[in-house]
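# Secondary and tertiary structure notes
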Amino acid sequence: MPPPAATPATNPAATPAATQAVFAAADLGATSGRVVLGRVGPGRLDLTEVHRFANTPVRLPQGLHWDILALHQGVLEGLREAARSGQVASIGVDSWAVDYGLLDATGRLLGNPYHYRDGRTDAVADQVRGKIGAAELYRANGLQHLPFNTLYQLAAEAGSPQFLAARQLLLIPDLLTYWLTGQVGAEATNASTTGLLDAGTGAWSGPLAEAVGVNPGLLPPLRRPGDSCGTLLAAPAESTGLPRGTEVTAVASHDTASAVVAVPADRPDFGYISCGTWSLAGLELGAPVLSEASRSANFTNELGIDDTIRYLRNIMGLWLLSESQRTWRAQGRPCDLSFLLAQAAKAKPFAAVIDPDAPEFLAPGDIPARIAGYCERTGQRPPTDQGSLVRTVLEGLALAHARTLRQAAELSGRGIEVIHLVGGGSRNELLCQFTADASGLPVVAGPTEATALGNVLVQARAHGLVHDRAGMRRLVADTQPLTRYTPSGDRSAWTAAAARIGLV
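My aim in this report is to walk through the structure given alongside it, one point at a time.

What counts and what doesn't
- Residues numbered from 1 in each chain as written.
- Predicted model: local features only at pLDDT ≥ 70, side-chain atom pairs only at ≥ 80, totals over all residues.
- Heavy atoms only, no water.
- Pairing = 2+ DSSP bridges.
- Helix = DSSP H or I, 4+ residues; strand = E, 2+ residues; numbered from the N terminus.
- Axes fitted to C-alpha atoms, helices over the stretch in contact; angles between N-to-C directions.
- Buried < 20%, exposed > 50% of the residue type's maximum accessible area, 1.4 Å probe, protein only.
- Salt bridge = Lys/Arg side-chain N within 4 Å of Asp/Glu carboxyl O.
- Contact = heavy atoms within 4.5 Å.
- Core = buried A, V, L, I, M, F, W, Y, C linked by side-chain atoms within 4.5 Å.
- Phe/Tyr/Trp six-rings, centres within 6.5 Å; stacked < 30°, edge-to-face > 60°.
- Arc of directions from axis to C-beta.
- Polar contact = N/O pair within 3.5 Å; in protein donor to acceptor, adjacent residues only side chain to side chain.

## Some remarks on the sheet that holds strand β11 (residues 228-231)
What the six strands build is an open sheet, ordered β3-β2-β1-β6-β12-β11; its pairing is mixed. Of all strands in the sheet, those bounded by a partner on one side alone are β3 (44-54) and β11. Mean inter-strand twist for the sheet, computed between neighbouring axes without regard to direction, equals 25 degrees. Bridge analysis of strand β2 (residues 32-41) against β3 gives ten bridges, and the strand direction is antiparallel. Following the sheet pairing, Arg 39 is matched in β3 by Asp 46.

## Overview of the environment of Thr 277
Note that Thr 277 resides in the loop between β13 (270-275) and β14 (279-285). Residue Thr 277 is classed as partly exposed on the basis of its relative accessible area, which comes to 25%. For the pair Thr 277 and Pro 61, spaced 216 residues apart in sequence, the C-alpha separation works out to 26 Å.

## Observations regarding the sheet that holds strand β18 (residues 443-445)
Reading across the sheet, the seven strands line up as β15-β16-β14-β13-β17-β18-β19 and stay open at both edges, with mixed pairing between neighbours. Of all the strands in the sheet, the pair left with one neighbour each is β15 (300-303) and β19 (483-485). Direction aside, the axes of adjacent strands within the sheet are offset by 30 degrees on average.

## Some words on unusual backbone geometry
With an omega of 5 degrees, the peptide bond between Gly 446 and Pro 447 qualifies as cis. Positive phi is not limited to glycine here, since Val 98 has a value of about 70 degrees. Following the sequence through the fold, Val 98 ends up in the loop between β6 (90-94) and β7 (100-103). Of the residues examined, Val 98 reaches a relative accessible area of 6% and is grouped as buried. Non-glycine residue Asn 298 carries a positive phi angle of around 65 degrees.

## Some words on the pattern of salt bridges
Applying the stated rule across the entire model yields 18 salt bridges. Asp 307 is paired through a salt bridge with Arg 224; the nearest N and O atoms lie 3.1 Å apart. Of the two residues, Asp 307 sits in the loop between β15 and β16 (309-315) while Arg 224 sits in the loop between β10 (222-223) and β11, which places them 83 residues apart along the sequence. When its relative accessible area of 11% is taken as the criterion, Asp 307 is described as buried. Among the ionic contacts, a cluster of salt bridges with common partners joins Asp 27, Arg 34, Glu 49, Arg 52 and Glu 449.

## A look at the side chain of Ser 205
Within the secondary structure, Ser 205 is located in the loop between α7 (188-191) and α8 (206-211). Classification of Ser 205 by relative accessible area gives buried; the value is 8%. For Ser 205, the contacting residues outside a window of four places in its chain are Leu 196, Leu 197 and Asp 198.

## Quick word on the nonpolar core
Across soluble globular proteins, nonpolar side chains have a tendency to be buried as a group. Ile 91 and Phe 361 are the most contacted members of the largest nonpolar core, which totals 140 residues. The contact partners of Ile 91, leaving out residues within four places of it in the chain, are Ala 24, Leu 79, Leu 180, Leu 232, Leu 242, Thr 246, Glu 247, Val 248, Thr 249 and Gln 459.

## Here we look at the packing of aromatic side chains
Applying the stated criterion across every chain yields a total of nine aromatic pairs. Both rings, one in Trp 66 and one in Trp 96, keep their centres 4.1 Å apart while their planes meet at 35 degrees; by these two values the pair is tilted. Placement of the pair is Trp 66 in the loop between β5 (63-65) and α1 (68-84) and Trp 96 in the loop between β6 and β7, with a sequence separation of 30 residues. Residues Trp 66 and Trp 96 agree in their burial class; the two are buried. Ring centres 5.1 Å apart and planes at 55 degrees place the aromatic pair Tyr 116 and Phe 148 in the tilted group. Taken together, the residues span a long stretch of sequence, with Tyr 116 in the loop between β7 and α2 (124-132) and Phe 148 in the loop between α3 (134-141) and α4 (150-157) at a distance of 32 residues. Considered together, Tyr 116 and Phe 148 belong to a single accessibility category, that of buried residues.

## Brief notes about the side chain of Ser 294
Considering the arrangement of structural elements, one finds Ser 294 in helix α11 (residues 292-296). For Ser 294, a relative accessible area of 0% translates into the label buried. Ignoring any residue separated from it by four or fewer positions in sequence, one finds Ser 294 in contact with Tyr 138, Val 289, Phe 299, Tyr 311 and Leu 411.

## Some remarks on the pairing of strand β1 (residues 21-28)
The two faces of a sheet get side chains in turn, since along a regular strand they alternate between them. For β1, a buried count of eight out of eight residues is recorded, marking the element as mostly surrounded by other parts of the structure. In β1, alternate side chains face the same way, and those of Ala 21, Phe 23, Ala 25 and Asp 27 on one face and Val 22, Ala 24, Ala 26 and Leu 28 on the other are all buried. Judged from the eight bridges that link them, β1 and β2 form a sheet pairing that is antiparallel. When the sheet's bridge partners are listed, Phe 23 is paired in β2 with Gly 38.

## Some points on helix α14 (residues 367-377)
Within an α-helix, residues lying three or four positions from one another point in the same direction, as the helix has 3.6 residues per turn. Buried within α14 are the following residues: Ile 367, Pro 368, Ile 371, Tyr 374 and Cys 375. Buried residues of α14, seen end-on, are gathered within an arc of 115 degrees and therefore sit on one face of the element. Within α14, the exposed residues directed more than 90 degrees away from the buried face are Glu 376 and Arg 377. Looking at the buried side of α14, the elements it contacts are α12 (319-330) and α15 (386-412). Capping the start of α14 is the job of one residue whose side-chain oxygen sits 3.1 Å from the backbone nitrogen of Ala 369: Asp 366. Looking at the residues trailing α14, positive phi occurs at Gly 379, about 75 degrees.

Below, the structure written as structure tokens:
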């Protein structure tokens with residue numbers, strides 16, 4: 001287990017003189033980034049988006065990359081807008097997990113970071129598991145097997161000129177924080193997604209790093225959510241108009257960890273689904289579950305705030321719908337989401353059933369064609385129109401949500417009385433109702449902006465405006481719009497649908 005924290009991490013220099021403050025959250029997702037201002041005070045928690053920018057991957061002959069300089073510029077432009085709004089108490093950065101940049105001995109970035117959907121790890125993951133042993137690897141790091149975990153990316157990178165020249169590895173939010181402050185570090189919730197953190201101690205694992213050819217010296221010191229990352233350097237201060245003394249605070253920098261902070265639960269027996277590009281479905285536990293049954297079910301043990309464990313499984317998520325929209329847009333077909341959802345609501349239930357985690361759905365491309373191929377491969381008639389395809393996607397996600405949470409409860413010995421569905425997917429009424437119907441449990445949807453709220457709340461706690469996890473969640477429940485969905489219809493129809501493709 002990670003070493004226990006006696007009290008939440010706090011920035012001593014950031015103790016407030018007032019009872020409320022404004023915090024800037026740089027929140028980077030797989031398709032867009034934004035800077036949001038959060039105002040926190042007694043009974044107050046509200047967000048204002050001040051800048052949004054595209055996150056557009058770049059495909060080069062060498063592979064698929066993130067345009068990290070454009071993301072950095074987007075953050076600076078957002079902070080410039082934040083500065084115009086008045087005093088900012090601190091800044092926090094969160095993003096997706098696993099991807100990283102490499103720095104040379106002078107601190108310069110060695111090329112644009114690879115995108116986790118790049119295919120360079122396809123064969124490497126099995127090679128690493130064969131070398132270390134799948135069971136031994138799980139006992140060591142407790143992670144779900146995903147071919148793009150940082151561990152596998154580094155194994156694929158080993159021997160390259162960039163890798164040989166590297167002297168520091170920084171995960172995406174840590175890299176952007178470094179460019180703001182000049183201070184290196186690895187925030188723990190995101191570090192726990194790399195496969196290089198020891199699930200028992202919460203520290204970097206030298207043996208795991210060395211097993212894939214990584215010098216442990218590449219791995220920076222760990223930070224906990226709420227720790228200080230320093231203050232703005234002269235260049236970003238001048239670029240944004242913020243004072244040089246503006247604090248930068250380590251938040252739960254894995255976006256899912258931030259989202260879980262903002263789950264408005266008032267009881268311990270809850271399950272959560274952070275639903276966006278991915279659906280992350282699981283439980284908040286006090287200790288990792290490292291059993292062979294857990295490994296076989298492909299559950300992951302990642303860190304949350306206060307050394308909790310996010311026991312969950314990645315599900316492909318609304319990526320399937322957004323990629324379908326992108327394909328239809330290129331074909332000149334209707335792709336407005338409200339139109340597609342209205343058509344899906346009228347479509348025949350369970351005309352086809354898919355497993356959203358089938359490997360053919362991982363890479364970017366023509367998802368409608370791949371769904372048709374999946375249906376043909378599994379002896380089903382493919383969806384015949386857009387509404388049927390969208391319904392097939394949403395029903396498949398709901399079945400995966402229900403199965404994942406049921407298994408999490410069984411493997412951990414923890415019951416679930418309610419499901420909290422947060423993130424962008426909480427706006428999708430059809431998906432929320434389907435999840436309640438498939439699971440037989442009530443679903444509380446919202447907040448939509450869970451990741452940004454969690455980012456802001458960790459900063460607010462570091463500044464003494466909220467005091468514990470329960471207080472953060474009460475503030476979310478008291479200030480954010482929530483919608484409750486109760487199970488309806490015949491649940492046996494969902495069970496029968498799941499059985500058709502082995503999703504029981």
